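Examining the three-dimensional arrangement
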Amino acid sequence: MERLDDPPDVVIRRLPLYARSLRYLLDEGVHSVSSQELGERINVTAAQIRKDLSYFGEFGKQGIGYDVEKLLNHIERILGLTQSWPVVLVGVGHLGQAIARYDGFHSQGLRIVGLFDTDPAKIGQEVSGVQISDYAEMPRVIRETGTRLAIISVPAADAQPVADMLIDAGVRAILCYAPIILQTPDHVWVRYIDPVAVLHSMTYYLAREHVV
Ligand SMILES: NC(=O)c1ccc[n+]([C@@H]2O[C@H](COP(=O)([O-])OP(=O)(O)OC[C@H]3O[C@@H](n4cnc5c(N)ncnc54)[C@H](O)[C@@H]3O)[C@@H](O)[C@H]2O)c1
């Protein structure tokens, strides 16, 4: 999926963190920031920030730092955030409903245009102004809205067929909350959110601590 001349994916994953910190700085009324100050906010070295940004051109001036608003606008353009992105969500259970209710999507360029479930008791209900539709309607809605981003919040056993259907309908990027690794073609981006695995990666350290 990554091309040789693309910036590394780790760099792309840091860009949204830079953008968020820059937004906070603007909210605080800060208009200029050094790579050192920006780095301290997100636990990245100043050298790493300069290297990451160098993939996209020249920013800031030696000794003066970055113009916060200009750098933010630039990063938002790089991330495609000058447009609003339609997103569909599949599996409107406990987690799916919480995600659909999250205000942060809409305010940050992500518009939920479809909620889908197989449970007849949920179909027709509304969450944050979007009606839950029958799963069978999903390909049509994806095509009609030109949606390329999807969130999967169905049980693990159902996630692969859901992903296959999404991809067949034109989805190119999936955020998967189900604890399963999806098999997907090379042209599809997949990211996972797995809180249990993350917690287990810390129980490793806790299990080695002395308890007094
Ligand atoms: N709830 C959590 O805190 C949490 C945290 C992390 C991960 N997860 C994972 O997220 C997923 C959802 O968890 P949950 O607690 O919301 O489960 P849930 O059982 O409350 O919701 C799952 C929903 O998916 C629907 N569904 C099942 N198959 C479907 C299909 N083929 N197409 C469309 N909808 C379908 C069900 O009808 C249900 O509404 C699971 O994979 C779970 O492991 C949950």
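Residues numbered from 1 in each chain as written. Predicted model: local features only at pLDDT ≥ 70, side-chain atom pairs only at ≥ 80, totals over all residues. Heavy atoms only, no water.

The UniProt entry lists residues 80-181 under the feature "domain: CoA-binding" (unreviewed entry), expressed in the numbering used here. Counting secondary structure, residues 80-181 comes out at 34% helix and 28% strand; the distance between its end C-alpha atoms is 27 Å. (UniProt positions renumbered as here; feature names shortened; annotations may be inferred. Helix = DSSP H or I, 4+ residues; strand = E, 2+ residues; numbered from the N terminus.)

Let us look at the packing of aromatic side chains. All chains considered together, the criterion is met by two aromatic pairs. Residues Tyr102 and Phe105 carry aromatic rings whose centres are separated by 5.2 Å and whose planes lie at 85° to one another, so their mutual orientation is edge-to-face. The exposure class of Phe105 is buried, given its relative accessible area of 17%. Plain terms: the ring middles of Tyr204 and Tyr205 are 4.9 Å apart, the flat faces sit at 85° to each other, and that makes the pair edge-to-face. By relative accessible area, Tyr205 is classed as exposed at 54%. Above the ring of Tyr204, the side-chain terminus of Arg208 is found at 3.9 Å from the ring centroid. (Phe/Tyr/Trp six-rings, centres within 6.5 Å; stacked < 30°, edge-to-face > 60°. Buried < 20%, exposed > 50% of the residue type's maximum accessible area, 1.4 Å probe, protein only. Lys NZ or Arg CZ within 6 Å of the ring centre and 35° of its normal.)

What surrounds the ligand is a group of 22 residues, the closest being His94, Leu95, Asp117, Lys122 and Val154. In this structure, an oxygen atom belonging to the ligand sits 2.5 Å away from a side-chain N or O atom of Asp117. The protein chains hide 72% of the 830 Å² of surface that the ligand would expose on its own. Looking at the shell around the ligand element by element, the count peaks at three residues for helix H8 (residues 156-169). When the residues that make up the shell around the ligand are grouped by side-chain class, the tally is 13 nonpolar, five polar and four charged. (Near = heavy atom within 4 Å. Polar contact = N/O pair within 3.5 Å; in protein donor to acceptor, adjacent residues only side chain to side chain. Areas by Shrake-Rupley, 256 points an atom, 1.4 Å probe, with all protein chains shown as cover. Nonpolar A, V, L, I, M, F, W, Y, C, P; charged D, E, K, R; others polar.)

On the surface, Val198, Leu199 and Met202 cluster together to form a nonpolar patch covering roughly 280 Å² of accessible area. Summarising the element assignment, Leu199 is placed in helix H9 (residues 195-206). (Patch = residues over 30% accessible without salt bridge, like charges linked within 9 Å, V, L, I, M, F, W, Y side chains within 5 Å. Salt bridge = Lys/Arg side-chain N within 4 Å of Asp/Glu carboxyl O.)

The next thing to look at is the nonpolar core. A general feature of soluble globular proteins is that nonpolar side chains tend to end up buried together. The biggest cluster of nonpolar side chains holds 23 residues, and the ones touching the most others in it are Val90, Ile152, Leu166, Ile174 and Leu182. At the level of elements, strand S3 (85-90), helix H7 (138-145), strand S7 (149-152), H8 and strand S8 (173-176) are the ones that each hand at least two residues to this core. Excluding anything up to four places from it in sequence, Ile174 contacts Ala150, Ile152, Ala163, Leu166, Ile167, Leu182, Val188, Trp189, Val190 and Arg191. One finds Tyr18, Val68, Leu71 and Leu72 within the second-largest nonpolar core, a separate group that totals 16 residues. (Core = buried A, V, L, I, M, F, W, Y, C linked by side-chain atoms within 4.5 Å. Contact = heavy atoms within 4.5 Å.)

All right, on to the layout of surface pockets then. Here the largest pocket defines a volume of roughly 2,000 Å³. Taken together, 41 residues make up the lining of the largest pocket; nearest its centre are Pro16, Leu79, Leu110, Leu149 and Arg191. Broken down by secondary-structure element, the contributors of at least two residues to the lining of the largest pocket are helix H1 (9-27), helix H4 (68-78), S3, helix H6 (103-107), S7, S8 and strand S9 (189-192). The leading source of residues in the lining of the largest pocket is H1, at nine residues. Classifying every residue of the lining of the largest pocket gives 26 nonpolar, five polar and ten charged. (1 Å grid on protein atoms, 1.4 Å probe; cavity = no way out; pocket = protein on both sides within 12 Å on 5 of 7 lines; lining within 4 Å. Points joined across faces, edges and corners; volume = space filled by probe spheres on them.)

Per the UniProt annotation, the sites labelled "DNA-binding region" (unreviewed entry) are residues 17-56. Secondary structure over residues 17-56 splits into 70% helix and 5% strand, and the C-alpha atoms at its two ends are 16 Å apart.

Let us now look at the pattern of salt bridges. Under the criterion given, the structure shown has eight salt bridges. For Asp9, the salt bridge is made with Arg13, and the minimal N-O distance between the two is 3.0 Å. Placement of the pair is Asp9 and Arg13 together in helix H1, with a separation of four residues, close to one helical turn. For Arg13, a relative accessible area of 46% puts it in the partly exposed group. Here Lys122 makes a salt bridge to Asp119, at a shortest N to O gap of 3.8 Å. Note on Lys122: relative accessible area 21%, which makes it partly exposed. Residues joined in a network through salt bridges with shared partners are Asp9, Arg13 and Arg191.

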